[in-house]
Amino acid sequence: GAKRAALIVAGFWALWHLPYFFLVSSYRGFGSFTLVGFTIGIVSGSVVLTWLYYGSGQSILAVAVWHAVYDMATSGSSGTIQGIVSALVIAQAILLLRLHERALKHGRRPVLGPPAAMRPT
């Protein structure tokens, strides 16, 4: 399902960012707490982008624009701004996951993933 796909994508996304920890000075300075937060942020971003992808009719453009806006909001900004933006993404992901589970429990359209009509049989 879409939730599992979001988690798998998050793993690949984390690997994609792995070279930053060797090449970018701000990443090299991450402590254990920041690394855990980064990982939670990657997973949360993947959940939000999965929701956006299916909610926008499977638009890669919508996902790319969201990512670009996120990067613009956090790049070069203070740690406080980065923390606030990341916290908002994490909160949105938690909300989406709860709504998704509730929808599945009550037999409604899933919040993450395509509508039943679009799913393969």
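Before reading on, note that the structure itself is shown above.
Quick summary incoming for the structure in this document. (Residues numbered from 1 in each chain as written. Predicted model: local features only at pLDDT ≥ 70, side-chain atom pairs only at ≥ 80, totals over all residues. Heavy atoms only, no water.)

**A look at the packing of helix H4 (residues 32-55) against helix H5 (residues 60-74)**
And step 1. Put simply, H4 and H5 touch, their axes get as near as 8 Å, and they point 145° apart. Considering only the axes of H4 and H5, their crossing is right-handed. Contact residues: Val 48, Leu 49, Leu 52 and Tyr 53 in H4; Ile 60, Ala 62, Val 63 and Trp 66 in H5.
And step 2. Of the residues in the contact of H4 with H5, the class split is 8 nonpolar, no polar and no charged. (Axes fitted to C-alpha atoms, helices over the stretch in contact; angles between N-to-C directions. Helix = DSSP H or I, 4+ residues; strand = E, 2+ residues; numbered from the N terminus. Left-handed = near helix turned anticlockwise from the far one by under 90°. Contact = heavy atoms within 4.5 Å. Nonpolar A, V, L, I, M, F, W, Y, C, P; charged D, E, K, R; others polar.)

**Considering the packing of H4 against helix H6 (residues 79-105)**
And step 1. Packing of H4 against H6 leaves a shortest axis separation of 8 Å and a crossing angle of 55°. Judged by the angle between their axes, H4 and H6 are oblique. Remark: the crossing between H4 and H6 carries left-handed chirality. Residues Ile 40, Gly 41, Ser 44, Gly 45, Val 47, Val 48 and Trp 51 of H4 form the contact with H6, whose own contacting residues are Val 89, Ile 90, Gln 92, Ala 93, Leu 96 and Leu 97.
And step 2. Partitioning the contact of H4 with H6 into residue classes produces 9 nonpolar, 4 polar and no charged. (Parallel < 35°, antiparallel > 145°, perpendicular 65-115°, else oblique.)

**What to know about a nonpolar patch on the surface**
And step 1. Residues Ile 8, Phe 12, Leu 15, Leu 18, Phe 22 and Leu 23 make up a contiguous nonpolar surface patch of roughly 700 Å² in combined accessible area.
And step 2. When contributions to the nonpolar patch are tallied by element, the ones reaching two or more residues are helix H1 (2-17) and helix H2 (20-23).
And step 3. Of the residues forming the nonpolar patch, the biggest block, 3 residues, is contributed by H1.
And step 4. Inspection of the secondary structure puts Ile 8 in helix H1.
And step 5. Relative accessible area serves as the criterion here: at 47%, Ile 8 is assigned to the partly exposed category. (Patch = residues over 30% accessible without salt bridge, like charges linked within 9 Å, V, L, I, M, F, W, Y side chains within 5 Å. Areas by Shrake-Rupley, 256 points an atom, 1.4 Å probe, with all protein chains shown as cover. Salt bridge = Lys/Arg side-chain N within 4 Å of Asp/Glu carboxyl O. Buried < 20%, exposed > 50% of the residue type's maximum accessible area, 1.4 Å probe, protein only.)

**Some words on the layout of surface pockets**
And step 1. Size it by volume and the largest pocket reaches roughly 890 Å³.
And step 2. With 8 residues, H4 is the single largest residue contributor to the lining of the largest pocket.
And step 3. Broken down by class, the residue content of the lining of the largest pocket amounts to 15 nonpolar, 13 polar and 1 charged.
And step 4. In this structure, the second largest pocket encloses a volume near 290 Å³.
And step 5. Lining the second largest pocket are 13 residues, with Val 9, Ser 46, Leu 49, Thr 50 and Tyr 53 positioned closest to its centre.
And step 6. Elements represented by at least two residues in the lining of the second largest pocket include exactly H1, H4 and H5.
And step 7. Grouping the constituent residues of the lining of the second largest pocket by class yields 10 nonpolar, 3 polar and no charged. (1 Å grid on protein atoms, 1.4 Å probe; cavity = no way out; pocket = protein on both sides within 12 Å on 5 of 7 lines; lining within 4 Å. Points joined across faces, edges and corners; volume = space filled by probe spheres on them.)

Remember, this is a structural readout, not a statement about activity or role.
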